[in-house]
Amino acid sequence: MPPDPDQSQSATPDVPVALRPQSSRFFRKSRSAFALDDARRQGDISQLAFSTMGGRDPAIAFLNTDNAVLGGRPLTVATASPEGYERVAAAIRRWPSGPGFK
């Protein structure tokens, strides 16, 4: 005989299924969201690096490699504050460009 659909089988038989709190384990945020200003600085510095440094690969390599002069990874420094953004932007603008530098 098939099971009765009105009687659900549960690990906690004393509490009806409809009254148990729903689990949100599949929808939990793994980390907090970026502040709007931080996200804007990250996007802006990435765009500046991509356009100035000759493309995606050199820009990503620069942004994600520790830099002693800047005090850390340029992407992290630029995202953290407006002052950090300006320091990293100035370093990117000094990047050599032209034939033979790409």
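Below, the structure is looked at part by part.

**Topic: the overall build of the protein chain**
Thought 1: When helices and strands are tallied, the protein chain shows four helices and zero strands.
Thought 2: Counting from the amino terminus, helix and strand elements in the protein chain follow one another as α-α-α-α.
Thought 3: Expressed as a percentage of its 102 residues, the buried residues of the protein chain come to 22%.
Thought 4: In the protein chain, the proportion of contacts linking residues at least 24 apart, taken out of those at least 6 apart, comes to 45%.

**Overview of the packing of helix H1 (residues 36-52) against helix H4 (residues 82-93)**
Thought 1: Where H1 meets H4, the closest approach of the two axes is 10 Å, and the angle between their N-to-C directions is 5 degrees. In this view, H1 runs roughly parallel relative to H4, as classed from their interaxial angle. In this structure, H1 contributes Arg41, Asp44, Ile45, Leu48, Ala49 and Thr52 to the contact, and H4 contributes Pro82, Tyr85, Val88, Ala89, Ile92 and Arg93.
Thought 2: Split into classes, the residues belonging to the contact of H1 with H4 amount to eight nonpolar, one polar and three charged.

**Remarks on the nonpolar core**
Thought 1: By size, the foremost hydrophobic cluster in this structure holds 16 residues, and its most contacted members are Ile45, Ala49, Met53, Phe62, Leu63, Val88 and Ile92.
Thought 2: With five residues, H4 is the single largest residue contributor to this core.
Thought 3: Excluding residues within four positions of it along the chain, isoleucine 45 makes contact with Leu63, Leu75, Ala78, Tyr85, Val88, Ala89 and Ile92.

**Topic: the environment of threonine 52**
Thought 1: Relative to the helices and strands, threonine 52 resides in helix H1.
Thought 2: Residue threonine 52 is classed as partly exposed on the basis of its relative accessible area of 24%.
Thought 3: With 41 residues separating them along the chain, threonine 52 and arginine 93 place their C-alpha atoms 7.0 Å apart.
Thought 4: Apart from the residues within four sequence positions on either side, threonine 52 is in contact with Ile92 and Trp95.
Thought 5: Polar side-chain contacts of threonine 52 include one of 2.8 Å to the backbone oxygen of leucine 48.

**Considerations on the packing of aromatic side chains**
Thought 1: Applying the stated criterion across every chain, the model contains one aromatic pair.
Thought 2: Between phenylalanine 62 and tryptophan 95, the aromatic rings sit 5.8 Å apart at their centres with planes inclined by 65 degrees, giving edge-to-face as the arrangement. Of this pair, phenylalanine 62 sits in helix H2 (residues 56-63) while tryptophan 95 sits in the segment after H4, placing them 33 residues apart in sequence.

Rules of the game
Residues numbered from 1 in each chain as written. Predicted model: local features only at pLDDT ≥ 70, side-chain atom pairs only at ≥ 80, totals over all residues. Heavy atoms only, no water. Helix = DSSP H or I, 4+ residues; strand = E, 2+ residues; numbered from the N terminus. Buried < 20%, exposed > 50% of the residue type's maximum accessible area, 1.4 Å probe, protein only. Contact = heavy atoms within 4.5 Å. Axes fitted to C-alpha atoms, helices over the stretch in contact; angles between N-to-C directions. Parallel < 35°, antiparallel > 145°, perpendicular 65-115°, else oblique. Nonpolar A, V, L, I, M, F, W, Y, C, P; charged D, E, K, R; others polar. Core = buried A, V, L, I, M, F, W, Y, C linked by side-chain atoms within 4.5 Å. Polar contact = N/O pair within 3.5 Å; in protein donor to acceptor, adjacent residues only side chain to side chain. Phe/Tyr/Trp six-rings, centres within 6.5 Å; stacked < 30°, edge-to-face > 60°.

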